[in-house]
Amino acid sequence: MIDASTPPEPLAGARELFALDPAYTHFNHGSFGAVPLAVTRARRTIQEEHDANPTRFITEVLLDRVDRARGPLAEFCGADPGRSALVPNATAGAALALAALDLRPDDEIVITDHSYNAVTLSLREQTRRRGVRVVTAPIELGAGDDEAVEAVLSRVGPRTRLVIVDQISSATAQLHPVAAIATRLREREVPLLVDAAHAPGMLDRPAAFDADFWVGNLHKWAFAPGGTAVLQIAERWRDRMVPLMVSHGQPDGFPASIEQQGTLDYSTWLAAPVGLELFERYGADTIRHHNAALAAYGQYVVGRALGLDPAGFADPGPGVSMRVLPVPAHVASGHGEGSRLRARISDELHAEVNVTSWRDRLFVRLSAQIYNHAAEYDRLAETLPALLR
């Protein structure tokens, strides 16, 4: 149990491993993670090798290196490398899962009301182009596992062709019981897509359960360059995976058909394993505990400064290193005003946060990473109330 009123000790030397702008405090790697200097150097070396002889790099070196990078990245997530592919991000993985389905008019896809906006917009396209119906299962903030499972299962019917659930929701930073949902859906022979955009690096082996599709970003919490994610599929979907762009790897099947995308910048994937070395340096459990405890402290100290009762904060779930605080309705509401509020906090307070929207309410979302210190949240607690007033 985390004592939110007491911050963890800083991780020695962690801040010096990143080239973050010292004029800002960085609480938003839940959107865009900071890349360690060692990863940046590794990526630059790979790019220079490519540029020195592109023909040799692409035809003789690249594919073997992608194979070698996929293994440790998938294993870090608890995924089976033999059933995994590297993809740019969780949104791309969701698009690949949708492309594998034979969707027809009046087929249904069940989502929760915590679903990521880009995935929701993708489903709107399925409605427009294929006549698919989207069914939303509301899950309350702080809902227990049983409550969340039943909320999802209650919306599953005879026309359900897919269920999509966030392992950790972006808008509300809430952990959902995706393994239990997967078990119940398997009994009904309904496939599950787990949007695990925030899970790698935050949770221990988050893909180590039986879901039809699981996709997680490594560029938020696992120190990878932007555009690095792992997609794991159940074996029965292997022959049905359709790349979003057909290229030369198509005859080789999954994962080559998904990964080989012409002149894609592969340096992000090839450098990503270097970021995993930080988990060895500090210890994965130490990093996860530090980040979860620091996020809880940030929510506690900033929430109290805003006049909120910490006893009323919903517990997002064990190990979650993002926390949300509600924005007073008189300050701002709606996605557009949320974007403007985020920009004001950045410009006036020099603090990078995310402002999310859920059920017509705005939330300030605070993240914690190994380079953050308790004093940064204390400083935000001193300055944010005046801006919101």
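Scoring rules and cut-offs
Residues numbered from 1 in each chain as written. Predicted model: local features only at pLDDT ≥ 70, side-chain atom pairs only at ≥ 80, totals over all residues. Heavy atoms only, no water. Salt bridge = Lys/Arg side-chain N within 4 Å of Asp/Glu carboxyl O. Helix = DSSP H or I, 4+ residues; strand = E, 2+ residues; numbered from the N terminus. Buried < 20%, exposed > 50% of the residue type's maximum accessible area, 1.4 Å probe, protein only. Polar contact = N/O pair within 3.5 Å; in protein donor to acceptor, adjacent residues only side chain to side chain. Contact = heavy atoms within 4.5 Å. Pairing = 2+ DSSP bridges. Axes fitted to C-alpha atoms, helices over the stretch in contact; angles between N-to-C directions. Phe/Tyr/Trp six-rings, centres within 6.5 Å; stacked < 30°, edge-to-face > 60°. Parallel < 35°, antiparallel > 145°, perpendicular 65-115°, else oblique. Left-handed = near helix turned anticlockwise from the far one by under 90°. Core = buried A, V, L, I, M, F, W, Y, C linked by side-chain atoms within 4.5 Å.

(A) Looking closely at the pattern of salt bridges. Tallying each qualifying case throughout the model produces 22 salt bridges. Note that R133 is salt-bridged to E108, the shortest N-O span being 2.3 Å. With R133 in strand β4 (residues 133-137) and E108 in strand β3 (residues 108-112), the pair connects residues that are 25 residues apart, well separated along the chain. Judged by its relative accessible area of 12%, E108 falls in the buried class. Residues participating in the shared-partner salt-bridge network are D67, R70 and E259.

(B) Highlighting the side chain of H219. In this structure, H219 sits in the loop between β7 (213-217) and β8 (229-233). Given the relative accessible area of 12%, H219 is considered buried. A distance of 3.2 Å separates a polar atom in the side chain of H219 from the backbone nitrogen of T228. In this view, H219 contacts F32, G33, P88, N89, A224, P225, G226, G227 and T228; residues no more than four positions away in its chain are not counted.

(C) Structural context of the side chain of S170. Tracing the chain through its elements places S170 in the loop between β5 (160-166) and α6 (178-187). Those residues in contact with S170 that lie beyond four places of it in its chain are Y116, H198, T356 and R365.

(D) Examining the pairing of strand β9 (residues 322-326) more closely. Among the five residues in β9, four count as buried, and that is most of the element. Sheet topology note: the β9/strand β12 (residues 361-367) ladder contains five bridges and is antiparallel. When the sheet's bridge partners are listed, M322 is paired in β12 with S367.

(E) Representation of the sheet that holds β12 within the structure. Sheet architecture is open: three strands sit in the order β9-β12-β11, paired in antiparallel fashion. Unpaired on one side and paired on the other, β9 and β11 (354-358) mark the two borders of the sheet. For this sheet the average axis-to-axis angle between neighbouring strands, irrespective of direction, equals 35°. As paired strands, β11 and β12 are joined by five bridges and run antiparallel to one another. Of the residues in β12, the one forming a bridge with V355 is V364. Contacts between helix α10 (residues 284-305) and the sheet are confined to β9 and β12, with β9 contributing the most and set at about 15° to the helix.

(F) Geometry of unusual backbone geometry. Put simply, F254 and P255 share a cis peptide bond, and its omega is 5°. Relative to the helices and strands, P255 is located in the loop between β8 and α7 (256-259). We note that F223 has phi near 65°; this positive angle belongs to a residue other than glycine. With respect to the helices, strands and loops of the structure, F223 is situated in the loop between β7 and β8. Take F223: its relative accessible area is 2%, and that puts it in the buried class.

(G) Examining the pairing of β11 more closely. Along β11, four of the five residues are buried, which leaves the element largely enclosed by surrounding structure. The hairpin formed by β11 and β12 contains two residues between the paired strands, and R359 there has a positive phi angle of roughly 50°.

(H) Local environment of the packing of aromatic side chains. According to the stated counting rule, one finds eight aromatic pairs in the structure shown. Pairing F18 with F223 gives two aromatic rings, centres 6.0 Å apart and planes at 50°, and the pair type is tilted. Within this pair, whereas F18 is found in the segment before β1 (25-26), its partner F223 is found in the loop between β7 and β8, the two being separated by 205 residues in sequence. Of the two residues, F18 and F223, both sit in the buried class.

(I) Representation of the packing of helix α3 (residues 90-100) against helix α4 (residues 117-130) within the structure. Put simply, α3 and α4 touch, their axes get as near as 10 Å, and they point 25° apart. If you check the angle between α3 and α4, you find them roughly parallel. Seen from above, α3 lies across α4 with right-handed handedness. Residues T91, A94 and L98 of α3 touch α4, and the partners they reach there are A118, V119, S122, L123, Q126 and R130.

(J) A look at the nonpolar core. One finds V163, L192, W214, V230 and I370 to be the most contacted residues of the largest nonpolar core, which totals 74 residues. Looking at this core, the element that brings in the most residues is helix α2 (residues 54-77), giving nine residues. Counting residues in each nonpolar core, the second largest holds 29 residues, with L98, A100, I109 and L193 among its members.

(K) The arrangement of the packing of α10 against helix α12 (residues 374-388) in detail. Axis separation between α10 and α12 bottoms out at 8 Å; the angle between their running directions is 25°. By the angle class used here, α10 and α12 are roughly parallel. In this structure, the crossing between α10 and α12 has a hand that is right-handed. Residues L294, Y297, G298, V301, V302 and A305 of α10 form the contact with α12, whose participating residues are A374, Y377, D378, L380, A381, L384 and P385.

(L) Seen up close, the sheet that holds β7. Within the open sheet, the seven strands sit side by side as β2-β8-β7-β6-β5-β3-β4. Their pairing is mixed. The strands lining the two open edges of the sheet, one partner per strand, are β2 (84-87) and β4. Mean inter-strand twist for the sheet, computed between neighbouring axes without regard to direction, equals 20°. Across the sheet, α6 lies against β5 and β6 (192-195), angled at about 170° from β6, the strand it touches most.

The quantities given are spatial measurements derived from coordinates; they are silent on function.
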